[in-house]
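The primary structure of each chain is shown beneath.
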Amino acid sequence: MGFGARRPDPGLGAVLGLAIGLGGLTMCVTLVFHAMRAVMDVGGFCVDGGPFVSAQSCPDGTAPAMMLGIFGVVLFGGIAMACGSRVGARWAIAAVLVGWSGLFGALGWNFLDHGIINPPPEADEIVRGWLIPGILFELMALTPIVIVAVAMRAGFTAGATPAQATARPPGGPPQRGQALLDRLERLADMRDRGLPTPEDFETAKASIIAELEARS
């Protein structure tokens, strides 16, 4: 399935971009979580400015925090996915899980916490208006996690062969032969990037092939 695939040399820029994307994505999800929680702490509804007069003003900084967090999730999520695809497929998937599952999971927890665990003082029982969206948000958060888990399991099962199921202990001839084949693939990849000279490539290739024939 390619979930564990990794490019031979993703480059420093891609790695740094991935780190910045995932870090910024986590920060923005946290920002949205706390902004929403601050509004829910005052009853779940507030208004500031405009032609309306509200009995409940919004806590300081919640509006810009919410806006920055939402747009930041989109921005840093895009950076993490773009750079993650250059580093390896698993990192692009991680960006989706952090952005989607992290966001909906955090917001769903706010609903569940204020609806069941810490309801408003004026509420005598479970706040069903917050319980239902809390459950829906948590289901939305779990959906991509379940999909990725099922796909990875299917990929590992499809990739297993009877020979692999009865593989010899580590270090046996099949493993050493596979290591030589891996070296040959890496050498071909280096040739495609123009790293070795044609003469060096042919020399190294001949050496690996000779070692393979000696082990067969």
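Whatever comes next refers back to the structure up there.
Residues numbered from 1 in each chain as written. Predicted model: local features only at pLDDT ≥ 70, side-chain atom pairs only at ≥ 80, totals over all residues. Heavy atoms only, no water.

**Student:** Residues and numbers for the overall build of the chain, please.
**Tutor:** Helix and strand counts for the chain come out as seven helices and zero strands. Secondary structure of the chain in N-to-C order comes out as α-α-α-α-α-α-α. Out of the 216 residues in the chain, the part that is buried amounts to 30%. By sequence separation, contacts in the chain at least 24 residues apart represent 68% of the contacts at least 6 residues apart. (Helix = DSSP H or I, 4+ residues; strand = E, 2+ residues; numbered from the N terminus. Buried < 20%, exposed > 50% of the residue type's maximum accessible area, 1.4 Å probe, protein only. Contact = heavy atoms within 4.5 Å.)

**Student:** Go over the packing of helix H2 (residues 62-87) against helix H3 (residues 89-117) with me, naming the residues and quoting the values.
**Tutor:** Two elements in contact, H2 and H3, have axes separated by 6 Å at closest approach and are oriented at 165°. With respect to H3, the element H2 is oriented roughly antiparallel. For the element pair H2 and H3, the recorded crossing hand is left-handed. Contact with H2, carried on its side by Gly-77, Ala-80, Met-81, Gly-84, Ser-85 and Val-87, involves Ala-89, Trp-91, Ala-92, Ala-95 and Val-96 of H3 and no other residues of that element. Taken together, the residues of the contact of H2 with H3 sort by class into eight nonpolar, three polar and no charged. (Axes fitted to C-alpha atoms, helices over the stretch in contact; angles between N-to-C directions. Parallel < 35°, antiparallel > 145°, perpendicular 65-115°, else oblique. Left-handed = near helix turned anticlockwise from the far one by under 90°. Nonpolar A, V, L, I, M, F, W, Y, C, P; charged D, E, K, R; others polar.)

**Student:** Lay out the nonpolar core with the relevant residues and their values.
**Tutor:** Formed by Leu-25, Cys-28, Val-29, Val-32, Met-36, Met-40, Val-73, Phe-76, Leu-103, Leu-107, Phe-111 and Trp-130, the largest nonpolar core amounts to 12 residues. Taken together, the elements giving at least two residues each to this core come down to helix H1 (12-41), H2 and H3. In terms of residue count, the dominant contributor to this core is H1 (six residues). Residues in contact with Val-29, not counting those within four places in the same chain, are Val-73, Val-98, Gly-99, Gly-102 and Leu-103. Listed in part, the seven residues of the second largest apolar core include Ala-14, Leu-22, Cys-83 and Val-87. (Core = buried A, V, L, I, M, F, W, Y, C linked by side-chain atoms within 4.5 Å.)

**Student:** Please give an account of the pattern of salt bridges that cites residues and values.
**Tutor:** Counted under the stated rule, the structure contains one salt bridge. A salt bridge links Asp-113 to Arg-37, with the nearest nitrogen and oxygen atoms 2.3 Å apart. Residue Asp-113 is found in helix H3, and its partner Arg-37 is found in helix H1; the two are separated by 76 residues along the sequence. The class of Asp-113 is buried, set by a relative accessible area of 4%. (Salt bridge = Lys/Arg side-chain N within 4 Å of Asp/Glu carboxyl O.)

**Student:** Which residues make up the side chain of His-114, and what values do they have?
**Tutor:** Mapped onto the elements of the fold, His-114 is located in helix H3. Within the structure, the side chain of His-114 is placed 2.7 Å from the side chain of Asp-41, a separation counted as a polar contact. (Polar contact = N/O pair within 3.5 Å; in protein donor to acceptor, adjacent residues only side chain to side chain.)

**Student:** Report on the environment of Gly-129, specifying residues and quantitative values.
**Tutor:** Tracing the chain through its elements places Gly-129 in helix H4 (residues 128-159). Among the residues examined, Gly-129 registers a relative accessible area of 54% and is labelled exposed.

**Student:** A description of the packing of H1 against H2 should follow, citing residues and the corresponding values.
**Tutor:** Where H1 contacts H2, the axes come no closer than 7 Å and their chain directions differ by 155°. Classified by the angle their axes make, H1 and H2 are roughly antiparallel. For the crossing formed where H1 meets H2, the hand is left-handed. Of the residues belonging to the contact of H1 with H2, the class tally is 24 nonpolar, eight polar and one charged.

**Student:** Account for the environment of Ile-116, naming residues and giving values.
**Tutor:** Its place among the elements puts Ile-116 in helix H3. Apart from residues lying up to four places away in sequence, Ile-116 is in contact with Ile-126 and Leu-131.

**Student:** Hey, could you go over the environment of Val-42 for me, with residue numbers and the actual values?
**Tutor:** Checked against the element boundaries, Val-42 lands in the loop between H1 and H2. The spatial distance from the C-alpha of Val-42 to the C-alpha of Pro-59 is 8.1 Å, given a sequence separation of 17 residues.

**Student:** Which residues make up the side chain of Thr-62, and what are the values?
**Tutor:** With respect to the helices and strands, the residue Thr-62 is situated in helix H2. Separated by 3.0 Å, the side chain of Thr-62 and the backbone oxygen of Pro-59 make a polar contact. Residue contacts for Thr-62: discarding those within four places in its chain leaves Ala-35, Ala-38 and Val-39.

**Student:** Can you break down the packing of aromatic side chains residue by residue, with the values?
**Tutor:** Within the structure shown, the criterion is met by three aromatic pairs. Seen from their ring centres, Trp-100 and Phe-104 are 4.7 Å apart, and the 50° between their planes marks the pair as tilted. Taken together, the positions of Trp-100 and Phe-104, both in helix H3 and four residues apart, correspond to about one turn of that helix. Here Phe-104 falls in the buried class, since its relative accessible area comes to 16%. Cluster of aromatic residues (ring-pair linked, three or more members): Trp-100, Phe-104, Phe-111 and Phe-137. (Phe/Tyr/Trp six-rings, centres within 6.5 Å; stacked < 30°, edge-to-face > 60°.)

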